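Descriptive structure summary
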Amino acid sequence: MIEELVQEKILDTYTARTTKSKDLWEEARKVIPGGVGSGFRYYEPYPLFLERGIGSKVWDADGNEYLDYCLCFGALIAGHAHPRIVEAVSGQLEKGSMYGVPHEKTTEYVRELLRRFPSMDMFRLTNSGTEGTMHALRLARAHTGKDKIVKIEGCYHGVHDYLLVSIYPPLSKAGPRWAPTVYIQGEGIPHGTVRNTLVAPYNDIETMENLFKKHEGEIAALILEPVPMNMGLVLPKEEYLKDLRKLTEEHNILLIFDEVKTGIRIAAGGACEYYGINPDIVVLGKAIGGGFPVGALGGKEEILSNIYPLGHTPHAGTYNANPIVVSAGLACLKHVMTGHAQRHINDLGERLANGVKDAVEDIGIEAQVPHIGPSGTVYFTDVEVTDYRTASTYDRKKTWEFWFSLLNHGVLTPPGLLEGGEQWLVSAAHTKQDVEEAVHVIDSALREIK
Ligand code: PMP
């Protein structure tokens, strides 16, 4: 119950400011399970309903204004309603929304992705990150002729069955850190489907090596978020990603980087560029669509040529490479997320994280504030966070109080920092003033919850 976690004064302010959201949610929940279109959007006592977004700001149903640092969990790196994206989408709409046959813009878009990810030879587009990782696994299995997949405890790759394990397992059921239980995350997922999914901790090369040896010749791929952003924000230890690359090569296992979040966020070419690693397959999503639903699956030609019609691996979809989405994505990559914009968001991200760190120190709260590029998070814990187990030591009460307090003062971050699993993001539309304002609100919120 949220009332047990958040002081009455903070919760009362939320409910007093958002009465229309409550009414809208009451109506929605009669016809939509939980009143929300995606499970991650729900929180108690009821979620905020937004009505409008422009640039760095959004407005809720009651007319309250917020600086948006959630940005649809990373999809809105350009900010809301960016004029270049609006123009591109409107222009395409007038020529039709879909064709169901190839069109030239997709090639241009994929060339732009390849420019950012030069170690890839080709991309196929999907409609979401979920589809991207699902197809990545199929492709890895087809290419290697092996079935097993290793994932990292605490990483999230979307909602298909194969990887819906050990995302946020209760510690009482998670097994030892060095041999995590394959914990099925929810109901409706047949045990048989995850029989070939193995789980390993992040930032621990030795355990990974032991797992590879134990299943020698059986593992098709290791998939991970190179910088996990679904257990807050965990930075890789020095050399960890390079060591993983070496180890996967030694054991003949494909390395899949799920860059749905890190993608064009931490650098133009994501973690591949930031850490100088060439994985075998890269999955992209969110920000590359400029706010429209997309995913992308990239790899070397020898791997992607397993896909039909070059090979026998199915990959299809009515909405794949939709011209509206491709137009939005192209405008975002070419005209919004320029080198200048990337430096801008990184600079603002640094300012925001430093502001939070200073406030944490001044006020004397136990917290870790890891950040990279335009993103960062606060874990209310005195434990250094290096993996899922250490990330799980955060204080839930402080996390939720902090989040509601920010919201009450006009700063939107992912709900409850999604139970310690999310991070803030600064968009190309944010300004220094937006960040200064946010740091001021964060300082007050930390004082309120201390
Ligand atoms: N991979 C990662 C790393 C993600 O963060 C997400 C979504 N949060 C997904 C995959 C799934 O993407 P989508 O929601 O577009 O299916």
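A few points on the structure.

Analysis parameters
Residue numbering note: each chain is counted from 1, following its sequence as written. Confidence filtering applies because this is a predicted model: local features only for residues at pLDDT of at least 70, side-chain atom pairs given and counted only at 80 or more, and all residues used for totals across whole chains, interfaces and linings. The side-chain figures draw on all heavy atoms in the structure; neither hydrogens nor water molecules are used. Residues are said to line a cavity or pocket when one of their atoms sits within 4 Å of a point; the points come from a 1 Å grid over protein atoms alone, cavities being sets where a 1.4 Å probe fits but cannot get out and pockets being open sets with protein on both sides within 12 Å along at least five of seven lines. Grid points are joined across faces, edges and corners, and a volume is the space filled by probe spheres set on the points. Counting from the N terminus, the helices are DSSP H or I runs at least four residues long and the strands are E runs at least two residues long. Two strands make a pair as long as DSSP finds a minimum of two bridges between them. In this description, a nonpolar core means a group of buried Ala, Val, Leu, Ile, Met, Phe, Trp, Tyr and Cys residues linked to one another through side-chain atoms lying within 4.5 Å. Think of it in three bands: with a 1.4 Å probe and only protein chains considered, a residue is buried below 20% of the maximum accessible area for its type, exposed above 50%, and partly exposed in between. Domain ranges listed in this record stem from an automatic or a database domain assignment. Near, as used in this document, describes a residue that has one of its heavy atoms within 4 Å of the molecule or strand being considered. In protein, a polar contact requires one atom able to donate a hydrogen and another able to accept it; more generally it is a pair of N or O atoms within 3.5 Å, and residues adjacent in sequence count only if both atoms are side-chain atoms. Computed by Shrake-Rupley with a 1.4 Å probe, the accessible areas treat only the displayed protein chains as cover when residues are assessed. In this classification, Asp, Glu, Lys and Arg are treated as charged, Ala, Val, Leu, Ile, Met, Phe, Trp, Tyr, Cys and Pro as nonpolar, and every other residue, Gly included, as polar. We call two residues contacting when some pair of their heavy atoms lies within 4.5 Å. Residue count minus one, scaled by 1.5 Å, sets the expected span of a helix. Salt-bridge detection follows one rule: a side-chain nitrogen of Lys or Arg within 4 Å of a carboxyl oxygen of Asp or Glu. What counts as a ring pair is set by centres within 6.5 Å for rings of Phe, Tyr and Trp (its six-membered ring), and what kind of pair is set by the plane angle: stacked under 30 degrees, edge-to-face over 60, tilted for all other angles. Charges are assigned to positions over rings by a cutoff of 6 Å between ring centre and Lys NZ or Arg CZ, combined with an angular limit of 35 degrees from the ring normal. Note: the arc covers the axis-to-C-beta directions of the helix.

Take empty space enclosed by the protein next. Per the stated rule, a full pass over the model turns up one cavity of 30 Å³ or more. Reported here for the largest cavity is a volume of approximately 60 Å³. Contributing to the lining of the largest cavity are Tyr69, Leu352, Phe402, Leu406, Val411, Thr413, Leu417, Trp424, Ala438 and Ile442. The set of elements that each furnish at least two residues to the lining of the largest cavity consists of helix H14 (396-408) and helix H16 (432-449).

Moving on: the sheet that holds strand S11 (residues 371-372). What the three strands build is an open sheet, ordered S11-S12-S14; its pairing is antiparallel. Across the chains shown, the open sheet's two edge strands, defined by having one partner strand only, are S11 and strand S14 (424-425). One ladder, built from two bridges, connects S11 with strand S12 (residues 375-376); its direction is antiparallel. Its bridge partner being in S12, Ile372 is matched across the sheet by Ser375.

So, on to the sheet that holds strand S13 (residues 411-412). A sheet is described by the order of its strands in space; here four strands give the open sequence S1-S2-S3-S13, paired in mixed fashion. Of all strands in the sheet, those with a lone pairing partner are strand S1 (50-54) and S13, marking the two edges. Two strands pair when backbone bridges link them, and strand S2 (residues 57-60) and strand S3 (residues 65-68) are joined in this way by three bridges, in the antiparallel orientation. Among the inter-strand pairings, Val58 is bridged to a residue of S3, identified as Tyr66.

Right, let's talk about the nonpolar core for a bit. Ranked by size, the top nonpolar core spans 59 residues in total, and within it Met208, Leu222 and Leu224 carry the most contacts. Of all the elements, helix H11 (residues 323-336) adds the most residues to this core, at nine residues. If you count residues domain by domain, this core takes at least three from each of domain 1 (2-77 + 338-449) and domain 2 (83-336). Core analysis: the next-biggest nonpolar cluster, separate from the first, contains 47 residues, Phe402, Phe404, Leu407 and Leu412 among them.

This part takes up the site of the ligand. The environment of the ligand is formed by Ser128, Gly129, Thr130, Tyr156, His157, Gly158, Glu225, Asn230, Asp258, Val260, Lys261 and Lys286. Thr130 is positioned with one of its side-chain polar atoms (N or O) 2.6 Å from an oxygen atom of the ligand. Note that a nitrogen atom of the ligand is positioned 2.6 Å from one of the side-chain N or O atoms of Asp258. Look at the ligand: alone it shows 390 Å² of surface, and the protein chains cover 84% of it. For the shell around the ligand, the per-class residue count stands at two nonpolar, six polar and four charged.

Here we take up the layout of surface pockets. Empty space within the second largest pocket amounts to approximately 660 Å³. Of all the secondary structure elements, the ones that give two or more residues to the lining of the second largest pocket are helix H5 (104-116) and strand S4 (122-126). Considering every element that reaches the lining of the second largest pocket, the biggest residue donor is S4, with four residues.

Once that is clear, we can look at the environment of Ser97. Looking at the element boundaries, Ser97 is found in the loop between helix H4 (83-93) and H5. Between the alpha carbons of Ser97 and Glu422 there is a distance of 33 Å; along the sequence they are 325 residues apart. Sequence-distant contacts of Ser97, that is, excluding residues within four places in its chain, are made with Asn322, Pro323 and Ile324.

Attention now goes to helix H12 (residues 339-363). With 25 residues, H12 extends 36 Å from end C-alpha to end C-alpha; this agrees with the ideal 36 Å at 1.5 Å per step. Residues of H12 that are buried include every one of Ala341, Gln342, Ile345, Leu348, Gly349, Leu352, Ala353, Gly355, Val356, Ala359, Val360 and Ile363, and no others. Against H11, S11, S14 and H16 lie the buried residues of H12. After H12 finishes, the residue Gly364 shows a positive phi value of roughly 80 degrees.

What follows deals with the pattern of salt bridges. Counted by the stated rule, this structure contains 20 salt bridges. Among the salt bridges present, the one from Asp387 reaches Arg177, with a minimum N-O distance of 3.7 Å. A residue pair is termed long-range when its members are at least 10 positions apart, and Asp387 in the loop between S12 and helix H13 (388-391) and Arg177 in the loop between strand S5 (148-152) and strand S6 (197-200) qualify at 210 residues. Look at the salt bridges and you will find they share partners, linking Lys22, Glu26 and Arg29 into a network.

Per the counting criterion, the structure on display carries 15 aromatic pairs. Taking 5.0 Å as the distance between ring centres and 75 degrees as the angle between the ring planes, the aromatic pair formed by Tyr202 and Tyr240 counts as edge-to-face. Note that Tyr202 is positioned in the loop between S6 and helix H7 (205-214) and Tyr240 in helix H8 (residues 240-250), a separation of 38 residues in sequence. Each of the two residues, Tyr202 as well as Tyr240, counts as buried. Both rings, one in Tyr274 and one in Tyr275, keep their centres 4.8 Å apart while their planes meet at 55 degrees; by these two values the pair is tilted. Taking the relative accessible area as the measure of exposure, Tyr274 reaches 43% and is therefore partly exposed. One aromatic cluster is present, formed by Tyr14, Trp25, Tyr42, Tyr43, Tyr46, Trp400, Trp403 and Phe404 through successive ring pairs. Directly above the ring of Trp59 sits Arg52, whose terminal nitrogen or CZ lies 4.2 Å from the centroid. The ring of Tyr162 carries Arg141 above its face, with NZ or CZ at 4.7 Å from the centroid.

Let us look at helix H2 (residues 8-17). For H2, every residue scored as buried is listed here: Ile10, Leu11 and Tyr14. Looking straight down H2, one finds its buried side chains confined to an arc of 95 degrees; they lie on one side. Facing away from the buried side of H2 by more than 90 degrees, the exposed set consists of Glu8, Lys9 and Ala16. Against helix H1 (2-5), H14 and H16 lie the buried residues of H2.

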